Amino acid sequence: MSKQLIEKLKKSIVVFDIDGVLAAYEFGENCHYASIWDEAFISENDNPYCGVNPLPKLQQFIQEMNPEDVYVCSVASPFEMGAKGGFVTKNYAIRKENILFVEDKSKKIDALLKIKEQRGDKPIAIVDDTVKTLDQIFEQGDFLTIHISSFFDF
């Protein structure tokens, strides 16, 4: 990531996705996904996020940010919100009130617009792992769109 982009992000509100961004997407045995992801799976396995490691580069970056300017926006069903939110607060010290959940990726733009309405004082960036989501947000609003791979050399 260029120094110029890092400095721009540090002066912005940065919104992170969870799965594949703040949490390595490692929910299956020797694979990336769990074949069943429902309420029974979450309660049966207690909390699948307990076995997921945070990413040190992102922990460092977030630690250097103003906590008021760090948000999360992730797709979640009601039964998984507690596990996801707990993972984020425990591993990244992101404020609970800055964790937003949506029912579908297409609704992330609505969450960003809400943040912009409340906090229009700074540029807003979203960090996601899905190019289609970033494309959609880029086309619909005045947001910085950052793919997680930009942090690989942070």
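Going by the structure above, here's the rest.
This is a predicted model, so every value here is computed, not measured.

Engineer: Explain the overall build of the protein to me, using residue names and the numbers behind them.
Structural biologist: If you tally the helices and strands in the protein, you get 6 helices and 5 strands. Counting over 154 residues, the protein shows a buried share of 42%. Nonlocal contacts in the protein, meaning residues at least 24 apart in sequence, comprise 73% of its contacts between residues at least 6 apart.

Engineer: Give me the sheet that holds strand 2 (residues 70-75): which residues, what numbers.
Structural biologist: Strand order in the open sheet made by the 5 strands is 3-2-1-4-5, with parallel pairing throughout. In this open sheet, the two edge strands, each paired with only one partner strand, are strand 3 (99-102) and strand 5 (144-147). The average undirected angle you get between the axes of adjacent strands in this sheet is 25°. Of the pairings in the sheet, the one linking strand 2 to strand 3 comprises 4 bridges and is parallel in character. Across the sheet, residue Val 72 finds its bridge partner in strand 3, namely Ile 99. Seen against the sheet, helix 4 (residues 78-92) touches strand 2 and strand 3 and runs at an angle of roughly 150° to strand 3.

Engineer: Quick one: what's the story with helix 6 (residues 131-140), residue by residue and with numbers?
Structural biologist: Those residues of helix 6 that sit buried are Thr 133, Leu 134 and Ile 137. Mapping the buried residues of helix 6 onto a view down its axis gives an arc of 95°, with all of them on the same face. Residues of helix 6 that are exposed and point more than 90 degrees away from the buried face comprise Lys 132, Phe 138 and Glu 139. Contact partners of the buried residues in helix 6: helix 5 (108-118), strand 4 (124-128) and strand 5.

Engineer: How would you summarise the pairing of strand 4 if you had to cite specific residues and measurements?
Structural biologist: Burial of strand 4 is extensive: 5 of the 5 residues sit out of reach of the surface. Of the two faces of strand 4, both are covered, the one formed by Ile 124, Ile 126 and Asp 128 as well as the one formed by Ala 125 and Val 127. Pairing of strand 4 with strand 5, which is carried by 4 bridges, proceeds in the parallel orientation. In the sheet register, Ala 125 faces strand 5, and the bridge partner there is Leu 144. Note on the crossover from strand 4 through helix 6 to strand 5: the handedness is right-handed.

Engineer: Outline the side chain of Asp 19, supporting the account with residue identities and numerical values.
Structural biologist: The residue Asp 19 is located in the loop between strand 1 (13-16) and helix 2 (39-44) in this model. A relative accessible area of 14% means that Asp 19 is categorised as buried.

Engineer: Explain helix 4 to me, and be specific about the residues and the numbers.
Structural biologist: Taking 1.5 Å per residue as the helical rise, helix 4 with its 15 residues ought to reach 21 Å, and the 21 Å between its terminal C-alpha atoms agrees with that figure. Within helix 4, the full set of buried residues consists of Glu 80, Ala 83, Lys 84, Gly 85, Phe 87, Val 88, Asn 91 and Tyr 92. Immediately downstream of helix 4, the backbone of Ala 93 shows phi near 55°, a positive value.

Calculation rules
- Counting starts from 1 at the beginning of each chain's written sequence and moves along it residue by residue.
- A pLDDT threshold of at least 70 governs which residues receive local features in this predicted model, and a stricter bar of 80 or more applies before side-chain atom pairs are shown or counted, although totals over entire chains, interfaces and linings include all residues.
- Derived side-chain values reflect all non-hydrogen atoms in the structure, with water molecules and hydrogen atoms excluded from consideration.
- Think of it this way: any DSSP run of H or I at least four residues long counts as a helix, any run of E at least two long counts as a strand, and we number them from the N terminus.
- Relative accessibility thresholds used throughout: buried, under 20% of the residue-type maximum; exposed, over 50%; partly exposed, between the two (1.4 Å probe, protein chains only).
- Contacts are residue-level and defined by heavy atoms, with any inter-residue pair within 4.5 Å sufficient.
- Whether two strands pair comes down to DSSP finding at least two bridges between them.
- Axis lines are fitted to C-alpha atoms, over the contacting stretch for helices. Their N-to-C directions set the angle, which ranges from 0 to 180 degrees.
- The directions from the helix axis to the C-beta atoms form the arc being described.
- A clockwise path from the first strand over the helix to the second, with the strands pointing away from the viewer, defines a right-handed crossover.
- One fewer than the residue count of a helix, multiplied by 1.5 Å, yields its expected span.

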